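Commentary on secondary and tertiary structure
Residues per chain are reported as follows:
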Amino acid sequence: MLKRRTGRGDSTGEDAVVVCGAGAAGLAAAISAARHGARVVLVEQCSELGGTVSGALIHTLAGFYDATGQIMNDGLARELTERLLHADAATRCRKMSRLWVLNVCPNVYRRTIERWIAAERRISVIHSAQVIDLIRCGDRIEELTFSCPDGQKCIRPRAVVDATGSAQLVRLVDASLVLDDLPRAAGGWIFRIRGIDEHALDFPKGVAVVRTIRMAARTGELPPECAHAWLDSGVHADEAFVKLMLAPKGSWQDPRCLVQTILQAERIQAAVLRFLQKLPEFTGAEITQTGRLGVRDGGRIRGRYTLTGDDVRAGRTFPDAVCRCDWPIEYWDGEKGVSLEYLPAGAHYEIPMRSLQLSGVQNLWAAGKCLSADREAHASARVVGTCWAMGEAAGAAAARSFPNKEERGAHEHEYV
Amino acid sequence: MGTATAILRTTMDITETIRVCIRESFQDDEQSFDFGNDDELLTILDSLQILRMLIDLETQYSIKVENSELTPENLGTVDRLAAFIAKKK
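Note that the structure is predicted; figures quoted are calculated from it, not measured.

**Some thoughts on the overall build of chain A**
- The secondary structure content of chain A amounts to eleven helices and 22 strands.
- A principal-axis box enclosing the C-alpha atoms of chain A has dimensions of 75 × 45 × 40 Å.
- In chain A, buried positions account for 59% of the 416 residues.
- Taking as baseline every contact in chain A between residues at least 6 positions apart, the subset at least 24 positions apart corresponds to 73%.
- Side-chain charges in chain A split into 52 positive and 50 negative, and the spacing between the mean points of these groups amounts to 1 Å.

**Regarding the overall build of chain B**
- Of the regular secondary structure elements, chain B holds five helices and zero strands.
- Split into buried and exposed, the 89 residues of chain B put 45% on the buried side.
- If you take every contact in chain B between residues at least 6 apart in sequence, the share linking residues at least 24 apart comes to 55%.
- Surface summary for chain B: the accessible area is close to 4,700 Å², and the carbon and sulfur share equals 52%.

**Brief notes about the interface of chain A and chain B**
- With 20 residues of chain A in contact, the opposing surface of chain B contributes 27 residues.
- Both sides of the chain A and chain B interface together cover about 2,000 Å² of buried area, and 61% of this is carbon and sulfur.
- If you sort the residues of chain A by the area they bury against chain B, Arg98, Phe203 and Arg211 of chain A come out on top, with a joint share of 33%.
- For the pair chain A and chain B, the interface holds one salt bridge.
- On inspection of chain A and its partner chain B, the count reaches seven residue pairs in polar contact (both at pLDDT 80 or more).
- For the side of chain A that touches chain B, the elements supplying multiple residues, two or more each, are β5 (92-96), α6 (205-219) and β20 (337-341) of chain A.
- Residues that form the side of chain A that touches chain B fall into these classes: twelve nonpolar, three polar and five charged.

**Some details on the sheet that holds strand β4 (residues 60-61) of chain A**
- The three strands are arranged β4-β6-β5 (chain A) in an open sheet whose pairing can be described as antiparallel. Only two strands of the sheet have a single partner each, and these edge strands are β4 and β5 of chain A.

**Focus: the packing of aromatic side chains**
Residue and element names in this part refer to chain A.
- Tallied over the entire structure, the rule returns two aromatic pairs over all chains.
- Judged by centre distance (5.5 Å) and plane angle (15°), the ring pair of Trp116 and Trp388 falls under stacked. Here Trp116 is found in helix α4 (residues 106-119), whereas its partner Trp388 is found in helix α10 (residues 384-400), with 272 residues between them in sequence.
- In this structure Trp116 comes out as buried when scored by relative accessible area, which is 1%.
- Judged by relative accessible area, Trp388 falls into the buried class, the value being 0%.
- When the ring of Tyr305 is compared with that of Phe318, the centres are 5.2 Å apart and the planes differ by 65°; the resulting orientation is edge-to-face. One end of the pair, Tyr305, is in the loop between β17 (300-301) and α8 (309-314); the other, Phe318, is in the loop between α8 and β18 (321-325), with 13 residues separating them in the sequence.

**Describing the pattern of salt bridges**
All names here are of chain A.
- Counting across every chain of the model gives 31 salt bridges over all chains.
- Two residues, Asp74 and Arg78, come together in a salt bridge whose shortest N-O distance is 2.4 Å.
- Accessibility expressed as a relative area gives 31% for Arg78, which makes it partly exposed.
- The closest approach of N and O atoms between Arg83 and Glu79, which form a salt bridge, is 3.0 Å. Of this pair, Arg83 and Glu79 both sit in helix α3 (residues 76-87), four residues apart, which is roughly one turn of that helix.
- Judged by its relative accessible area of 30%, Arg83 is partly exposed.
- In the salt-bridge network here, residues are joined through shared partners; they are Arg35, Glu79, Arg83 and Glu120.

**Structural notes on the state of the cysteines**
Residues and elements named next belong to chain A.
- Scanning all chains against the criterion turns up zero disulfides over all chains.
- In this model Cys154 remains outside any disulfide bridge; the closest cysteine sulfur is found in Cys148, 10 Å from its own.
- Looking at the unpaired Cys257, the closest cysteine sulfur is the one in Cys46, lying at 17 Å.

**Overview of the sheet that holds strand β3 (residues 40-43) of chain A**
Residues and elements named next belong to chain A.
- Reading across from one edge, β7-β3-β2-β11-β22 is the order of the five strands in this open sheet, with parallel pairing throughout. Unpaired on one side and paired on the other, β7 (123-126) and β22 (364-366) mark the two borders of the sheet. Between one strand axis and the next, the sheet turns through 20° on average, direction left out of account.
- Sheet analysis places β3 next to β7, joined by four bridges and oriented parallel. Counted as the bridge partner of Val41 is Ser124 from β7.
- Against the sheet, helix α1 (residues 24-35) touches β2 (17-20), β3, β7 and β11 (159-162), its axis set at about 170° to β3.

The rules behind each value
Residues numbered from 1 in each chain as written. Chains lettered and ligands numbered in written order. Predicted model: local features only at pLDDT ≥ 70, side-chain atom pairs only at ≥ 80, totals over all residues. Heavy atoms only, no water. Helix = DSSP H or I, 4+ residues; strand = E, 2+ residues; numbered from the N terminus. Buried < 20%, exposed > 50% of the residue type's maximum accessible area, 1.4 Å probe, protein only. Contact = heavy atoms within 4.5 Å. Lys, Arg positive; Asp, Glu negative; His and termini not counted. Charge placed at Lys NZ, Arg CZ, Asp CG, Glu CD. Areas by Shrake-Rupley, 256 points an atom, 1.4 Å probe, with all protein chains shown as cover. Buried area = accessible area lost by both parts, 1.4 Å probe. Salt bridge = Lys/Arg side-chain N within 4 Å of Asp/Glu carboxyl O. Polar contact = N/O pair within 3.5 Å; in protein donor to acceptor, adjacent residues only side chain to side chain. Nonpolar A, V, L, I, M, F, W, Y, C, P; charged D, E, K, R; others polar. Pairing = 2+ DSSP bridges. Phe/Tyr/Trp six-rings, centres within 6.5 Å; stacked < 30°, edge-to-face > 60°. Disulfide = S-S within 2.5 Å. Axes fitted to C-alpha atoms, helices over the stretch in contact; angles between N-to-C directions.

Have a look at this one:
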């Protein structure tokens, strides 16, 4: 059955695995599919690669290590940590209470993955492009139409990985397969300041600065949204990242809501800088980089299995597990702030392949932040390291689904 | 009971309160998560949890901790924090 057809644009990328979104899950899916022998087309809507980490200035990468500081998931997740540690002497493993994270400059992350992708010869990248339509034939996606700076293009992919973070492809298949439930997790707005005194944020001075900002939000000296503001030391001694939490005013899918939130963030950012510059150790503070709005939960698919908060708490394992995770349920509520529910010491849970798959579509996987999970499980599983591991599994499965000539012949016969 | 013994008792009570606070931060029991009273506090809790615990302790003991008092000497370990709160009370 032909569902939709646009019939416009050039046809390219026959038989390729198409990965949409070049964030953590998409990069891993692309590299993994390429290393499994597939030709890969990586479609990214921005001009840069790296997704939320480099775009939203995430500098504390979670989900790569277990409670003892050992690698949580082998494979590409491990390879990435090794590349990042090698790329910059300032990259370091850091213990935050019982969790281990990787502190890395977001620009180092972006450069590292750009070099990595450029060296993977089976991957071609299309920047500033977005899938706008697709044709589904029975249980397969037969054609994708995407817009890019030089017009529209069509690809007849053998397999597709939706790593858009907001299930954009799955929405094109059927919008009812994506869950946008309320309340939505708050968005994050991070900006980087340099020129602060060295050790200005050393424990427990950082706690005092955060308390000062939050008190100012209560007294009206700063906007009320600063009640949950956070300051984190960066990778350099004179550097800090200021983190604001913004409650969505509507759906993240609504461009007006996005613009309003961004304008609000910019106003708060200016107020916070002026406030900080009055503190003795921050008089020289200047904003050197502003991230884009980080959307933690842009919608999750209704997959073959929905991972639940109870699965996370119980450390559930699955026969079709693709990776492990022990990150706490870290939920960002626009009103109440962040809450962290830790797993019991030493426990971890698994994510099944079925949480990356839809019923009824054979050649589509959704990996990363848009996995099939309830709000609680998502608040744990969405971290970078886990997204890399999910993406790797989805990319390998997509590459393996690549039919050989005989299978393709049989397949074509079926559709004639 | 002598003054010294009373202060010791109070500090011990506060230490226990702090330990309960820490365990509650993880919704956990002592068996699966052990820590010493002289362990660096930052290796037990993250700074957000420390901030929350401070707010709890301020309410519980009706004290006001000034930002200038947030030093490693006062906050570095469970023992030091307990002694600091005992002094503030």
